[in-house]
Amino acid sequence: MSAHGGNRVGRGVGVADRRSQRLAPFWVLQATEILSVVGLADLSLHVSRGGVLAVAGGVFAALALATDGPLGILRICGRKLHVILVSAVAVIVAVSPVVSALRPDIEGIIILEVAAIGIIRLATLVNTDPRPVSPKGVGGSGTVINARARVAPPSAPERPGRTASPSTGRSRFPTEEGVGSAARWAGRAAGAATSAAARSTAKHGPTAKAQVKRTIRSAGRLVGKAASRPDGPPSKPG
């Protein structure tokens, strides 16, 4: 059983690797084929013997519309068969200048070769599996985890004996007890400030009065000395 499981895992990884190499969706190839008819038909008017360019574009567009794909209308052939057919047509278009009756001028040959090589290269890159590839790379179903789920923050544990009051988002009005306690605190603070001012005045009042008196006496003596000086210069002795 383990060997069986290993073979399945190996096949799944191989399929995933092959699918990962085919990056372009299938509708890109169909759109390129449909637009090629317009481009090649326009370029065929500017080269000699450009009918082969218009015919090649028409064949590519017909194959794109007859395929079971997003842009298909008739849906006659499958996607893998379409890749094989379009590759074969591109090879025929690339070797068509060998026939002298179909050979355009040098510019037409370059256009045919570039268109054929581009179609072949794009056909090797498209994904021919209509089923979407799972994130694991295998077509099987897997568990999908929703990464956008929100994780609720842990709620705070409630203390026993208390009931959690629902928050209303608005502050409650002050109660009568809170207003009375605030008034009592303001009265006590005002009384303490008044008593402190009275004690400071009684303690430093006499000292301040004595200092003021000394300052006034000093100022009076200075004024008396300035007034007793004579204005004129002193007389010389005879």
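Preceding this paragraph is the structure being described.
Predicted model, so just to flag it, every value in this text is computed and none were measured.

A. Spatial organisation of the overall build of the chain. Within the chain, the secondary structure is distributed over six helices and zero strands. Moving toward the C terminus, one meets the helices and strands of the chain in the order α-α-α-α-α-α. Within the chain, buried positions represent 22% of all 238 residues. Taking as baseline every contact in the chain between residues at least 6 positions apart, the subset at least 24 positions apart corresponds to 66%. Accessible surface computed for the chain: about 18400 Å², of which carbon and sulfur atoms make up 64%.

B. Local environment of the pattern of salt bridges. For the structure on display, the rule yields one salt bridge. For Asp 68, the salt bridge is made with Arg 75, and the minimal N-O distance between the two is 3.0 Å. Given the relative accessible area of 40%, Asp 68 is considered partly exposed.

C. Seen up close, the nonpolar core. In this structure, Leu 29, Phe 60, Val 83, Val 86, Val 93 and Val 126 are the most contacted members of the largest nonpolar core, which totals 21 residues. If you list the elements that add at least two residues to this core, you get α2 (26-43), α3 (51-65), α4 (79-95) and α5 (106-123). Among the elements that line this core, the one with the most residues is α4, at six residues. Residue contacts for Val 83: discarding those within four places in its chain leaves Phe 26, Leu 29, Ala 123, Val 126 and Thr 128.

D. Structural detail: a nonpolar patch on the surface. The grouping of Leu 65, Ile 73, Leu 74 and Ile 76 at the surface amounts to a nonpolar patch, some 430 Å² of accessible area in total. Residue position: Leu 74 is located in the loop between α3 and α4. Owing to a relative accessible area of 59%, Leu 74 belongs among the exposed residues under this scheme.

E. Representation of the packing of α3 against α4 within the structure. Between α3 and α4, the shortest axis-to-axis distance is 10 Å and the interhelical angle comes to 180°. In terms of their interaxial angle, α3 and α4 are classed as roughly antiparallel. Of α4, the residues touching α3 (which contributes Ala 56, Val 59, Phe 60, Leu 63 and Ala 64) are His 82, Leu 85, Val 86, Val 89, Ala 90 and Val 93. Per-class residue counts for the contact of α3 with α4 are 10 nonpolar, one polar and no charged.

F. Region of interest: α5. For α5, which comprises 18 residues, the first-to-last C-alpha distance of 26 Å matches the rise-based estimate of 26 Å (1.5 Å per residue) to within 8%. Among the residues making up α5, those that are buried are Gly 108, Leu 112, Ala 116, Ile 119, Leu 122 and Ala 123. The arc that holds the buried residues of α5, viewed along the axis, is 135°, so those residues lie on one side. Summarising the geometry of α5, the exposed residues directed more than 90 degrees from the buried face are Ile 106, Val 114, Ile 117 and Arg 121. In the core, the buried residues of α5 are packed alongside α2, α3 and α4.

G. Spatial organisation of unusual backbone geometry. Phi is positive for Arg 49, which is not a glycine, with a value near 55°. Since its relative accessible area comes to 55%, Arg 49 is described here as exposed. For Arg 75, which is not a glycine, the phi torsion comes out positive at approximately 55°. Exposure remark for Arg 75: the relative accessible area of 41% places this residue in the partly exposed category.

H. Fine view of a positive patch on the surface. A surface patch of like charges, here positive, comprises Lys 213, Arg 214, Arg 217, Arg 221 and Lys 225. Inspection of the secondary structure assignment puts Lys 225 in helix α6 (residues 176-228).

I. Fine view of α3. Counted at 1.5 Å a residue, the expected span for α3 with its 15 residues is 21 Å, and the 21 Å between its end C-alpha atoms agrees. All buried positions along α3 are accounted for by Val 52, Leu 53, Ala 56, Gly 57, Phe 60, Ala 61, Leu 63 and Ala 64.

J. View of the environment of Ala 90. With respect to the helices and strands, Ala 90 occurs in helix α4. Sequence spacing of Ala 90 and Val 59 is 31 residues, and the spatial spacing of their C-alpha atoms is 9.8 Å. Other than its neighbours up to four places away in sequence, Ala 90 contacts Phe 60, Ala 116, Ile 119 and Ile 120.

K. View of the packing of α2 against α5. Close contact between α2 and α5 brings their axes to 11 Å; oriented N to C, the two are set at 175°. The pairing of α2 with α5 is recorded here as roughly antiparallel in orientation. From α2, Val 28, Leu 29, Thr 32, Glu 33, Leu 40 and Leu 43 reach across to α5, where they touch Ile 111, Ala 115, Ile 119, Leu 122 and Ala 123.

Rules behind the numbers
- Residues numbered from 1 in each chain as written.
- Predicted model: local features only at pLDDT ≥ 70, side-chain atom pairs only at ≥ 80, totals over all residues.
- Heavy atoms only, no water.
- Helix = DSSP H or I, 4+ residues; strand = E, 2+ residues; numbered from the N terminus.
- Buried < 20%, exposed > 50% of the residue type's maximum accessible area, 1.4 Å probe, protein only.
- Contact = heavy atoms within 4.5 Å.
- Areas by Shrake-Rupley, 256 points an atom, 1.4 Å probe, with all protein chains shown as cover.
- Salt bridge = Lys/Arg side-chain N within 4 Å of Asp/Glu carboxyl O.
- Core = buried A, V, L, I, M, F, W, Y, C linked by side-chain atoms within 4.5 Å.
- Patch = residues over 30% accessible without salt bridge, like charges linked within 9 Å, V, L, I, M, F, W, Y side chains within 5 Å.
- Axes fitted to C-alpha atoms, helices over the stretch in contact; angles between N-to-C directions.
- Parallel < 35°, antiparallel > 145°, perpendicular 65-115°, else oblique.
- Nonpolar A, V, L, I, M, F, W, Y, C, P; charged D, E, K, R; others polar.
- Expected span 1.5 Å × (residues − 1).
- Arc of directions from axis to C-beta.
- Lys, Arg positive; Asp, Glu negative; His and termini not counted.
- Charge placed at Lys NZ, Arg CZ, Asp CG, Glu CD.

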